[in-house]
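Examining the three-dimensional arrangement
Each chain, letter by letter, is given below.
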Amino acid sequence: MKRVYSINILIFILSCSLLSQSCTFSKQTYNIPSLPQTGGVVSTEFSDCSSQVKILNEARSSFKNKKYIKALNKASEVIKKPCSTEHYIQALEIIGDIFLQRNEIINGFRFYCEAIENSKSTSQKSRIVKKMVFITSQKKSDEFFSLLSEIRSVEIQGAVIYETGLRNFQEGKDALAMKLLNRFIENFKDHDQIPNAEAIVKIIQERYAFYPNRIGVLLPLSGFYKIAGERALQAINHAVNEVNKSNPNKSFRLFIKDTESDPHYVSQRVKELNQEKVACIIGPMITAKPAAIESNRLKIPMITMTQQAGIPQIGDYIFRNFLTPHMQIESSLIYFIEHFGFTNFAILYPDEKYGQAFKNAFEEIIPYYKCNITDTVYYKPGQTDFSEQITRLIHGYKKLNEEGQFVEINSDEKILKNKRYRAKVNFDVLFIPDSPSMLAMIAPQLRYHDIDQIMLMGTNIWNSKKLLKMANGYIQQAVFPDGFYQEKDSEKVRAFVSSFQHVNGHKPEYIEAEAYDTALMIMNSLLLPHVRSRKDLALALASINFKGGVTCPVSFNESGDAIKNLNLFTFKDDKIVLLNPCEN
């Protein structure tokens, strides 16, 4: 097949591009001059080939030193009047390298194609094929096969398909590797790489073979977090037993591994679950990062139950269904803005991991709602006297006058014991991300320092009847979120609480409810007719909008993090009252 064009046009257009002038060649394609068929020796201009060898060496040296225009000019001299087929091939390869360096990979690929079509050297072909595969391995399937059509030789087509499939396999791009290698096996039955291609396909098939009724569970069943792990496992078992009763023909089985609350063991436990060919993994709770990295590497869908930052972002197969600082803060924040129009908030937090995580999340979220953080004050863990911190929140005082109104006092006016005062603060809501026992000490001291016209905002750990006993008179109308409400007016919730208590001897709390819903979500997805692989399951979870559970409805954002509106609660008299329910 003839390929003719003026080499001078190519030089002009390419030179413009290399000089970053207005003329470019990024959207153009070029024909390549064919090698004249004269027994391999073409030009009579050169008395011998040594001068052309020198020209090619100069082209390579210029290319190495990034003098691409000079390299192109030298290589083009040879292409116009090559003294041999070998010199023609070498010049084509150099121009292909220039295009590749300029990220003009389609034109580079075409020059490589012409070079390899004329080559008789096995080592030369192998080198050029590697360059072609570098290009094809960056392309999607349809783009790859479009490039493949540029190759005239069936032998070279097969080599490029195989080598590209192999490279994708080595880079962990198993889906594309499988497609290319199957195409290779089907169309190049006599190729000497067929046994290797079949072996790779078998490895990939075994890697992703799974049983759709097998669910892995990765929880701390010993060690410091044993109680939390056991509670979650009770709920997962409860969900599986319920679903199996209604689907006896496809009974789900749990394969349970103990993380021992130790990050050193958890990656191995994921590998063990992969050997059991589980469809997915529920957990872990504490040692999430190493488990998620390994699970994503093996392409096993995993729904973690952790607050640890950055876990779902590890990969497309990793999800999180658990309360996070961001989720809790947003639920409360939206309530204060929509119901009261509040825009000014302050943070009083313990200087330890839990407090810092919530403080950081609050600072990240607040700009999106066009609100302000007026004061941020920390205290030491275990502290009991908060006078210094509370004083930093106060910006003056007002006094109660004879008409019963609070009025400004002069800056030099003394505070008298027999007068009633109110502290001036710049915020409407004070966020205190700490335990019930710490809040029970802080809240009375806020009142002692005359801060009494604000609302308190907390986290789910405020959902405690012990807190009511310790600080009832100081926390009325405080607001906090939680993901589960045992007494919710819902038939699903009532049935779950009753049956769980009957089987396990205690009422379920948030961890049990979230584990139960996570198991239901996974089983419902595995029962879908189009879910035939782990990848199908990951895609089904990524697009889910699950409303069939006992916690709040859940979907997942692009990174795999749960999206939820939470239940909001407050303290009223001696009770914890549902203030703003989520819908499920």
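A brief structural summary. Only a predicted model underlies this, so the values are computations on that prediction, with no experimental measurement involved.

What follows is about the overall build of the chain. Along the backbone of the chain there are 21 helices and 18 strands. By residue count, 51% of the 584 residues in the chain fall in the buried class. Contacts in the chain between residues far apart in sequence, at least 24 positions, make up 64% of those at least 6 positions apart.

It is the contact of helix H7 (residues 141-148) with helix H9 (residues 174-187), at a shortest axis distance of 11 Å, that shows an interaxial angle of 35°. The handedness of the crossing between H7 and H9 comes out as right-handed. Residue-level contacts link Ser 141, Phe 144 and Phe 145 of H7 to Leu 176, Lys 179, Leu 180 and Arg 183 of H9. The residue makeup of the contact of H7 with H9, split by class, is four nonpolar, one polar and two charged.

Quick look at the packing of aromatic side chains now. One pair of aromatic rings is described through two measures. These are the centre distance and the angle between the planes. The tally for this structure, following the rule as stated, stands at 26 aromatic pairs. Both rings, one in Phe 144 and one in Phe 145, keep their centres 5.0 Å apart while their planes meet at 80°; by these two values the pair is edge-to-face. With 6.1 Å between their ring centres and 75° between their planes, Phe 484 and Phe 496 make a pair best called edge-to-face. On the criterion of sequence distance, the pair formed by Phe 484 in the loop between strand E13 (479-482) and helix H19 (491-504) and Phe 496 in helix H19 is long-range, its members being twelve residues apart. Judged by relative accessible area, Phe 496 falls into the buried class, the value being 1%. An aromatic cluster is present here, built from Tyr 335, Phe 336, Phe 340, Phe 342, Phe 345, Tyr 354, Phe 358, Phe 362 and Phe 431 joined pairwise through their rings.

A few words now on the layout of surface pockets. In this structure, the second largest pocket occupies an estimated 600 Å³ of space. Around the second largest pocket, the lining comprises 29 residues; the ones closest to its centre are Lys 299, Asp 316, Tyr 317, Lys 535 and Ala 538. Residue assignment for the lining of the second largest pocket shows that the elements contributing at least two residues are H9, helix H10 (194-208), strand E5 (318-320) and helix H21 (534-542). Ranked by residues supplied to the lining of the second largest pocket, first place goes to H21 with five residues. When the residues that make up the lining of the second largest pocket are grouped by side-chain class, the tally is 13 nonpolar, eight polar and eight charged.

On to the packing of helix H2 (residues 50-64) against helix H3 (residues 68-80). Remark: H2 packs on H3, axes separated minimally by 8 Å, with the N-to-C direction vectors making an angle of 155°. For the element pair H2 / H3, the angle class is roughly antiparallel. Like other packed secondary-structure pairs, H2 and H3 cross with a definite hand, here left-handed. The segment H2 lies against H3, with Gln 52, Ile 55, Leu 56, Glu 58, Ala 59, Ser 62 and Phe 63 engaging Tyr 68, Lys 70, Ala 71, Lys 74, Ala 75, Glu 77 and Val 78. The residue makeup of the contact of H2 with H3, split by class, is eight nonpolar, two polar and four charged.

One full turn of an α-helix is made of 3.6 residues, so residues set three or four places apart face in the same direction. Listed in full, the buried residues belonging to H7 are Ser 141, Phe 144, Phe 145, Leu 147 and Leu 148. Take H7 and look down its axis: the buried residues cluster within an arc of 155°, on one side only. Elements in contact with the buried residues of H7: helix H5 (105-118), helix H6 (122-136), helix H8 (154-170) and H9.

Right, let's get into unusual backbone geometry. With an omega dihedral of 0°, the bond running from Gly 283 to Pro 284 counts as a cis peptide bond. Position of Pro 284 relative to the elements: it lies in the loop between strand E3 (280-282) and helix H13 (288-297). Backbone geometry at Lys 299 places phi at a positive 60°, although glycine is not the residue there. With respect to the element layout, Lys 299 can be found in the loop between H13 and strand E4 (302-304). The backbone of Asp 573 shows a phi angle near 55°, a positive value even though the residue is not glycine. Within the secondary structure layout, Asp 573 lies in the loop between strand E17 (567-572) and strand E18 (575-580).

Another aspect to go through is the pattern of salt bridges. Tallying each qualifying case throughout the model produces 21 salt bridges. The salt bridge partner of Glu 93 is Arg 127, with a shortest N-O separation of 2.8 Å. A residue pair is termed long-range when its members are at least 10 positions apart, and Glu 93 in helix H4 (residues 85-101) and Arg 127 in helix H6 qualify at 34 residues. Residue classification places Glu 93 among the buried positions, given a relative accessible area of 6%. Overlapping salt bridges, with partners in common, bring together Glu 93, Asp 97, Arg 127 and Lys 131 in one network.

Before going further, it helps to spend a moment on the side chain of Arg 534. Secondary-structure assignment places Arg 534 in helix H21. Although Arg 534 is buried, it makes no salt bridge; Asp 174 carries the closest opposite charge, 9.2 Å away. A polar atom in the side chain of Arg 534 sits 2.9 Å from the side chain of Asn 274. If sequence neighbours within four positions are ignored, Arg 534 has contacts with Arg 207, Ala 209, Phe 210, Asn 274, Lys 277, Val 278, Ala 279, Leu 298, Lys 299, Ile 300, Pro 301 and Tyr 317.

Thresholds, definitions, all that
- Residues numbered from 1 in each chain as written.
- Predicted model: local features only at pLDDT ≥ 70, side-chain atom pairs only at ≥ 80, totals over all residues.
- Heavy atoms only, no water.
- Helix = DSSP H or I, 4+ residues; strand = E, 2+ residues; numbered from the N terminus.
- Buried < 20%, exposed > 50% of the residue type's maximum accessible area, 1.4 Å probe, protein only.
- Contact = heavy atoms within 4.5 Å.
- Axes fitted to C-alpha atoms, helices over the stretch in contact; angles between N-to-C directions.
- Left-handed = near helix turned anticlockwise from the far one by under 90°.
- Nonpolar A, V, L, I, M, F, W, Y, C, P; charged D, E, K, R; others polar.
- Phe/Tyr/Trp six-rings, centres within 6.5 Å; stacked < 30°, edge-to-face > 60°.
- 1 Å grid on protein atoms, 1.4 Å probe; cavity = no way out; pocket = protein on both sides within 12 Å on 5 of 7 lines; lining within 4 Å.
- Points joined across faces, edges and corners; volume = space filled by probe spheres on them.
- Parallel < 35°, antiparallel > 145°, perpendicular 65-115°, else oblique.
- Arc of directions from axis to C-beta.
- Salt bridge = Lys/Arg side-chain N within 4 Å of Asp/Glu carboxyl O.
- Lys, Arg positive; Asp, Glu negative; His and termini not counted.
- Polar contact = N/O pair within 3.5 Å; in protein donor to acceptor, adjacent residues only side chain to side chain.

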